[in-house]
Amino acid sequence: MENDTTLSRRGLFMKLGMLLNACVGAALAVPIGRFLLSSITRGHANGYLDWVPLGPVSQFPEGETRLATFRNPLVMPTDGKTVDTACWVRRVEGDRFQVFAINCAHLGCPVRWFPQSGLFMCPCHGGAYYRDGSRASGPPERGLFEYPYKVDNGLITIQAGEMPTPGPSASLVGKEPPCA
Amino acid sequence: MRLISLAGKWLDDRLQLAAPIRDASEHPVPRNTASWWYVFGSAALIVFCLQLVTGILLALTYVPSAGEAWNSLQALNHDITFGWFIRALHGWGSNFMVAIVLIHMMQVFLFGAYKFPRELTWIVGVFLLLMTLGMAFSGQVLRFDQDAYWGLGIGASIASRVPIAGPAIVKLMLGGPIIAGATLSRFFALHVFVIPGMLIGFVCLHLLMVLKLGINEWPMPGRVVKRATYLTEYHELTKKDGAPFVPYAVWKDMFFAAFVLLAVAACALWFGPFGPTGKPDPTIIQTVPKPDYFFLWLYALLSLLPPSLETPALLIGPVVVILGLLLLPFLSGEGEKSWKRRPIAVLTVMLTAVTLGTFTHLAGYAPWSPKMNAWSGAPVPAQFLHATTALERQGALVFQVKQCRNCHSLGESGGQRGPALDSVALRLTQDQLIRQVIQGGGNMPAYGKNLSPAETTALVAFLETLHPAGQAPARDASRQFALGQ
């Protein structure tokens, strides 16, 4: 009769076998985990946030808001048209601009600009924003997202590369959302 | 004939599957469970099989690349023989599967089938429901069109609201910082490998438990489930009043399965495939994204919740519902099974059905969305302009040009975001109209900065004419004394 405290030769080998597999599994888990999480851990290291041109300043008349498109700084071969993004450019005066993300601050649907009433309206759940991007009405809890911009040699460029979402990452320019 | 039976014997000598299959198919079931109420589980299984087959057929042509997916769907729709029909079968199959799974769940709930000893069967079923919904959403993404693109944006916006982990979840979900090729690829992997694999495993588990524990007997008022005695009672029941599942009960499952498949095929033939809608090009912003029908209720809910409640409701709501479903068999694992003795269960089902139905119906015409083209597409009906002054007509023009019509209807046309204005003059006095237009309020933006004083005067003059013929407009009674008017 076998004693509980003794370990047979085969029992030891079985335990060693389990240990061996656990070690191999743990070793393999590192690259697998890093592969799976690469879209998070890659972070800003790859420089996916970058300055992209929207066009010459002269394209945007003062006091008006125009649609512009840009290409995402990071492009993969299978992306197709999805890397082309639209944004609303408001030229306040001179070199003062506001560049709004196309995504509604509620759930990301594309907002449309109505110059006659000076409002951005969202087709999904009826969010509305004033011409300066501040919240006018509807479900959004904040104003439109703004891209940081630069004007160099008559060319306007914005820092883009991440889809704005209403979570904590949303405040692209790092300021408090404008109040209605 | 003899050859076939010889071959069969040769195979079974090696596989030894005939006996267990015979045992499983001939296991005794209570006679009264051979009912048309007990056919939804097998119908869900049949539609799942249809989805597997049509899904594999679609994968023969579909290209999971953000640049090519839309074109490959067009090829399926237009170039490949019966490609449109396979797409339609798969699309309608998914609608039927969600609906049948929900009906199956409702029946199981109302018949108390989740009670002892079938708790785990119910829990596995809850996971099957979640996976079915996961398949529905990921399938909608694979139909990589405008709705899919912006639907992903909505998904990402919801996920981003998770405290702390939000941005990481968004990047994990999208496979990068934006919706692009990597997003479609990972949803393809989910829809084609991960979730179906888990579904097959969980379906087997679910079925195995139905076989091991026996089908739930027809609930009788007063026949109470007790942990101590139920198993013996059930075995006595199947012994005394049981019949072999095949062929006693199975023919109803087979008839219903055929009917369901025929209904899917009929819908596919008659209505055709779903989309794809416009190309997934984010620079095309003239789009009104809408989810497929099984998520329309959510689309409506997201619009009707007060903004401050939205994030908590989105993050806590699903957790509460799922936990509630998982804990249900432990909270009421014993007791009455019959719905005739469980009024709260019946009310819960009715309330849920009415709520989901109402939200789905509302989402069908989305009264909360501005009608983007109403200002230019729906002229002010002529009856509102009869016998009006030049100023009032100018006001009607302002009303259209400033897009008021996008949110306010006149004569049943226009947006429904704000109240209909056909008789607004009965509700608001001149001063109140001016205040509302200039300062906004409630859900209305302020138009002060966008209207000149002349435009405001004209607009309000027009609005004051909007009252039914025999009824006087609202007026401020104190005004004539204060201003001597």
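Reading the values: rules and limits
Residues numbered from 1 in each chain as written. Chains lettered and ligands numbered in written order. Predicted model: local features only at pLDDT ≥ 70, side-chain atom pairs only at ≥ 80, totals over all residues. Helix = DSSP H or I, 4+ residues; strand = E, 2+ residues; numbered from the N terminus. Contact = placed C-beta atoms within 7 Å. Rg over C-alpha atoms; globule rule 2.2 N^0.38 Å. Buried ≥ 20, exposed ≤ 12 C-beta atoms within 10 Å, placed from the backbone. Domains from an automatic or database assignment. Core = buried A, V, L, I, M, F, W, Y, C linked by C-beta atoms within 7 Å. Pairing = 2+ DSSP bridges. Axes fitted to C-alpha atoms, helices over the stretch in contact; angles between N-to-C directions. Nonpolar A, V, L, I, M, F, W, Y, C, P; charged D, E, K, R; others polar. Parallel < 35°, antiparallel > 145°, perpendicular 65-115°, else oblique. Left-handed = near helix turned anticlockwise from the far one by under 90°. pLDDT = per-residue confidence, 0-100. Expected span 1.5 Å × (residues − 1).

S.K.: Describe the overall build of chain A, and please don't skip the residues or the numbers.
M.R.: For chain A, the helix and strand inventory stands at two helices and eleven strands. Secondary structure of chain A in N-to-C order comes out as α-α-β-β-β-β-β-β-β-β-β-β-β. The long-range share in chain A, meaning contacts at least 24 apart out of those at least 6 apart in sequence, stands at 49%.

S.K.: Tell me about the overall build of chain B, residues and numbers included.
M.R.: What chain B contains, in helices and strands, is 21 helices and two strands. For 485 residues, the compact-globule formula gives about 23 Å, and the C-alpha radius of gyration of chain B, at 30 Å, lies well above that figure. In terms of overall dimensions, chain B has C-alpha extents of about 105 × 60 × 45 Å along its principal axes. Looking at the 485 residues of chain B, the share that counts as buried comes to 38%. Restricting to contacts in chain B with at least 6 residues of sequence separation, those with at least 24 account for 78%.

S.K.: So what's going on with the domain arrangement of chain B? Which residues, and what values?
M.R.: We note that the domain assignment places domain 1 (13–365) and domain 2 (374–482) within chain B. Distance from the C-alpha centre of domain 1 of chain B to the C-alpha centre of domain 2 of chain B: 48 Å.

S.K.: Tell me what's going on with unusual backbone geometry, and back it up with residues and numbers.
M.R.: Backbone phi values are negative for most residues with the exception of glycine, while trans is the configuration of most peptide bonds. Residues and elements named next belong to chain B. In this model, phenylalanine 116 is joined to proline 117 through a cis peptide bond whose omega is 0°. Tracing the backbone through its elements, the reader meets proline 117 in the loop between helix 5 (83–110) and helix 6 (119–142). With an omega dihedral of 0°, the bond running from glycine 275 to proline 276 counts as a cis peptide bond. Note that proline 276 resides in the loop between helix 12 (250–271) and helix 13 (296–304). In the Ramachandran plot, phenylalanine 82 falls in the positive-phi region, its phi being about 60° despite a non-glycine side chain. Within the element layout of this structure, phenylalanine 82 appears in the loop between helix 4 (69–78) and helix 5. One non-glycine residue, alanine 387, lies in the positive phi region at around 55°. Within the secondary structure, alanine 387 is located in the loop between helix 16 (374–377) and helix 17 (390–401). You can call alanine 387 exposed: it has 6 C-beta atoms within 10 Å.

S.K.: Break down the nonpolar core for me, citing the residues and quoting the values.
M.R.: Ranked by size, the top nonpolar core spans 109 residues in total, and within it Cys87 of chain A together with Ala43, Val47 and Ile100 of chain B carry the most contacts. Per-element tally for this core: the top contributor is helix 5 of chain B, with eleven residues. Excluding residues within four positions of it along the chain, valine 47 of chain B makes contact with Gly93, Phe96, Met97, Ile100, Val260 and Val264 of chain B. Leu421, Leu428, Ala458 and Leu459 of chain B belong to the second largest nonpolar core, which has 21 residues in total.

S.K.: Could you give me a rundown of the sheet that holds strand 10 (residues 149–152) of chain A, with the residues and numbers involved?
M.R.: Residues and elements named next belong to chain A. On the basis of which strands lie adjacent, the open sheet formed by three strands has the order 1-11-10 and antiparallel pairing. Of all strands in the sheet, those with a lone pairing partner are strand 1 (50–56) and strand 10, marking the two edges. When strand polarity is set aside, the average angle formed by the axes of neighbouring strands in this sheet is 30°. As paired elements, strand 1 and strand 11 (residues 155–160) share six bridges and run antiparallel to each other. Within strand 11, the position partnered with proline 53 by the bridge is threonine 157.

S.K.: So what about the interface of chain B and chain A? Which residues, and what values?
M.R.: Think of interface size as the accessible area that goes away when the parts come together; that is how it is often given. With 54 residues of chain B at the interface, the matching set in chain A holds 48 residues. Of the residues belonging to the side of chain B that touches chain A, the class tally is 28 nonpolar, 18 polar and eight charged.

S.K.: I'd like a description of the packing of helix 6 of chain B against helix 9 (residues 181–213) of chain B, backed by residues and values.
M.R.: Residue and element names in this part refer to chain B. Close contact between helix 6 and helix 9 brings their axes to 9 Å; oriented N to C, the two are set at 155°. By the criterion of interaxial angle, the relationship of helix 6 to helix 9 is roughly antiparallel. In the crossing of helix 6 with helix 9, the sense of the turn from one axis to the other is left-handed. Split by residue class, the contact of helix 6 with helix 9 holds 20 nonpolar, seven polar and no charged.

S.K.: Describe the confidence of the model for chain A, with residues and values.
M.R.: Residue and element names in this part refer to chain A. Confidence in the prediction of chain A, expressed as mean pLDDT, is 86, and 88% of residues score 70 or more. Mean pLDDT values for the elements of chain A range from 86 in helix 2 (residues 38–41) up to 95 in helix 1 (residues 9–36). Below a pLDDT of 50 lies the segment residues 169–180, which in the model reaches 24 contacts outside its immediate sequence neighbourhood of four places, other chains included.

S.K.: Go over the domain arrangement of chain A, please, and point to the residues and values.
M.R.: Looking at chain A, the domain boundaries give domain 1 (9–41) and domain 2 (50–170). Inter-centroid distance (C-alpha atoms) of domain 1 of chain A to domain 2 of chain A is 47 Å.

S.K.: I'd like to hear about the packing of helix 13 of chain B against helix 15 (residues 343–365) of chain B, residue by residue, with values.
M.R.: All names here are of chain B. Two elements in contact, helix 13 and helix 15, have axes whose closest approach is 7 Å; the angle formed by their N-to-C orientations is 80°. Comparing the axis directions of helix 13 and helix 15 gives the class roughly perpendicular. Along the contact surface, helix 13 presents Leu296, Trp297, Tyr299, Ala300 and Leu301, while helix 15 presents Leu356, Phe359, Thr360, Leu362 and Ala363.

S.K.: Any chance you could break down the environment of glycine 154 of chain A for me, citing the residues and the numbers?
M.R.: All names here are of chain A. Position of glycine 154 among the secondary structure elements: in the loop between strand 10 and strand 11. Judged by the 10 C-beta atoms lying within 10 Å of it, glycine 154 is exposed. Residues glycine 154 and aspartate 95, spaced 59 residues apart in sequence, show a C-alpha to C-alpha distance of 8.8 Å.

S.K.: Go over the pairing of strand 3 (residues 84–93) of chain A with me, naming the residues and quoting the values.
M.R.: Moving residue by residue along a regular strand, the side chains alternate between the two faces of the sheet. Residue and element names in this part refer to chain A. Examined bridge by bridge, strand 2 (residues 65–71) and strand 3 share seven bridges and lie antiparallel to one another. Considered in strand 3, the bridge of alanine 68 is made with cysteine 87. Note: strand 3 against strand 4 (residues 96–101), six bridges, orientation antiparallel. The partner of glutamate 93 across the bridge, within strand 4, is arginine 96. With antiparallel pairing between neighbouring strands as the criterion, strand 3 and strand 4 make up a hairpin whose turn holds two residues, including glycine 94 at a positive phi of roughly 50°.

S.K.: Now, about the confidence of the model for chain B: what can you tell me, with residues and values included?
M.R.: Residues with a pLDDT of 70 or more make up 100% of chain B, whose mean pLDDT is 92. Element-level pLDDT for chain B is lowest in helix 21 (residues 479–482) of chain B, with a mean of 76, against a maximum mean of 97 in helix 3 (residues 40–59) of chain B.

S.K.: Any chance you could break down the sheet that holds strand 6 (residues 119–121) of chain A for me, citing the residues and the numbers?
M.R.: Residues and elements named next belong to chain A. Taken in spatial order, the four strands line up as 5-6-7-8 in an open sheet, and their pairing is antiparallel. Because the sheet does not close on itself, it has two edges, and the strands there are strand 5 (112–114) and strand 8 (135–137). In this sheet, neighbouring strand axes are inclined to one another by 35° on average, regardless of whether the strands run parallel or antiparallel. When strand 5 meets strand 6, the two strands line up antiparallel, connected through three bridges. Bridging across to strand 6, phenylalanine 114 finds its partner in leucine 119.

S.K.: An account of the pairing of strand 11 of chain A is requested, with residue identities and associated values reported.
M.R.: Here strand 11 of chain A shows a buried face lined by Ile156, Ile158 and Ala160 of chain A and an unburied face lined by Leu155, Thr157 and Gln159 of chain A. If you look at the hairpin formed by strand 10 of chain A and strand 11 of chain A, you'll find two residues sitting between the two strands, and asparagine 153 of chain A has a positive phi there, around 50°.

S.K.: Mind laying out helix 15 of chain B, listing which residues take part and the relevant values?
M.R.: Residue and element names in this part refer to chain B. For helix 15, spanning 23 residues, the distance from its first C-alpha to its last is 34 Å, which sits close to the expected 33 Å at 1.5 Å a residue. Among the 23 residues in helix 15, one count as buried, and that is only a small part of the element. Count one or two residues on from helix 15 and you reach alanine 366, which has phi positive near 40°.

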